[in-house]
Amino acid sequence: MSNNLLSGKRGIIFGALNERSIAWKVAERAVEEGAKITLSNTPVAVRMGTVSALSEKLHCEVIPADATSVDDLENVFKQSMEILGGKIDFVLHAIGMSPNVRKHRTYDDLDYKMLDTTLDISAVSFHKMIQSAKKLDAINEYGSIVALSYVAAQRTFFGYNDMADAKALLESIARSFGYIYGREKHVRINTISQSPTLTTAGQGVKGMDKLFDFANRMSPLGNASAEECADYCIVMFSDLTKKVTMQNLYHDGGFSNVGMSLRAMATYEKGLDEYKDEHGKIIYG
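Described in the following lines is the structure provided in the data block. (Residues numbered from 1 in each chain as written. Predicted model: local features only at pLDDT ≥ 70, side-chain atom pairs only at ≥ 80, totals over all residues. Heavy atoms only, no water.)

1. A look at the pattern of salt bridges
Link 1 in the chain: Scanning the model with the defined rule gives 13 salt bridges in all.
Link 2 in the chain: Here Lys134 makes a salt bridge to Glu184, at a shortest N to O gap of 2.9 Å. Here Glu184 lies in helix H7 (residues 163-185) and Lys134 lies in helix H6 (residues 112-135), a separation of 50 residues in the sequence.
Link 3 in the chain: With a relative accessible area of 42%, Glu184 lands in the partly exposed category.
Link 4 in the chain: The salt bridge involving Arg183 is made with Glu184; its shortest N-O contact spans 3.0 Å.
Link 5 in the chain: It is possible to trace a salt-bridge network through shared partners that takes in Arg29, Glu32, Glu33 and Asp231. (Salt bridge = Lys/Arg side-chain N within 4 Å of Asp/Glu carboxyl O. Helix = DSSP H or I, 4+ residues; strand = E, 2+ residues; numbered from the N terminus. Buried < 20%, exposed > 50% of the residue type's maximum accessible area, 1.4 Å probe, protein only.)

Right, here's the structure in full:
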C-alpha cells in the first residue's frame, strides 16, 4: 500500500543484486511510494545478476559503477541528476563483501590484502560516496543517506569475521560525516542495523542459518525481514525523519537489547557437551 511518502523525490539505490537483496526491496518500495530512482552496482554484478529485470520493472536506469572508485561514483551522481532531472533526495548504500569470509579465513589468520578489500568495499566506499556527493553538491537540503549495518559492529558473532570491523567503520563514517554534512547542507546520514537476513551476501557468512535462527528466537518480535527493512528505509528517506541524523538505528525485533531469553536458557540447559574436546574443555570456536 502506497502513502506517497516519497512523491516527487529522486533517489539512488546502490547494491541491488537479485530479488533476495534488501536493496532490491527498497527500490521497489521507493518507486511504489512515488520516487524516481536510478540503480547502481558493479559492472560484474550488472552482467551476472538480475538487476536489469528490476530496471525494466521499475522503469529506471542502471548505472554500472565500482563503489571503490571515486570517478565511478561521481559519474553515478552526475548521470543520476541528469536522468532524474535534479538533485538527489535519498541514497541507499547496501554494499558489503569480505574475501576473507569467502575464503574461510578465520579472524586470527586474516589475509591483510583481503582485509583492505573488505574495508574498501564495505565501508570506505560509503565515505567515498558521501564525499563525492558533497563535492558535487548533489544532495538536496534535508536529503537522506542510509547505509545497512549489523549488530556485529558492537558485539562479537562467531563467523562474521572482518565484516564486523567493516560495519564498525561504516557506522563511524555515518557519525563523522553526518556532523559535517548536516551542519553545512542539512543532509542526514544514518545507518540501519538490520536483523540477520538470508540475502545472497548474508549466506556467505559461516553459520548464517544458525545465526538467523538464534536471533529469531532471542528477539521479542522475531527477525525483521528484508521487506520490513525496506519499509524502514522508506521512512528514513521521507520528510517524517528530517531531524534524525548520525544515528545507528536498530531494526532487529529487539535483539540488540536482549541478554538472555527463556528459549535461549532452555537450550543452554540442555548442555554444551558437544562443544567440548576430548579433555572436557569447552571449544569456543
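Don't stop here, the text continues.
2. Remarks on helix H1 (residues 22-32)
In an α-helix, one turn spans 3.6 residues; hence positions three or four apart end up facing the same way.
Link 1 in the chain: Where burial is concerned, most of H1 is hidden: nine out of the 11 residues are buried.
Link 2 in the chain: Burial in H1 covers these residues: Ile22, Ala23, Trp24, Lys25, Val26, Ala27, Glu28, Arg29 and Ala30.
Link 3 in the chain: Positive backbone phi, approximately 105°, marks Gly34, located one or two places after H1.

3. Considering the pairing of strand E1 (residues 10-14)
Link 1 in the chain: The buried count for E1 comes to five of five residues, which makes it a mostly enclosed element.
Link 2 in the chain: Alternating positions in E1 separate into two faces, Arg10, Ile12 and Phe14 on one and Gly11 and Ile13 on the other, with burial throughout.
Link 3 in the chain: Judged from the five bridges that link them, E1 and strand E2 (residues 36-40) form a sheet pairing that is parallel. Residue pairing for E2: Arg10 is matched across the bridge by Lys36.
Link 4 in the chain: Note that the unit made of E1, H1 and E2 has a crossover that is right-handed.
Link 5 in the chain: As judged from the four bridges shared by E1 and strand E4 (residues 88-93), these two strands associate in the parallel manner. Within E4, the residue paired with Ile12 across the bridge is Val91. (Pairing = 2+ DSSP bridges. Right-handed = clockwise from strand over helix to strand, strands pointing away.)

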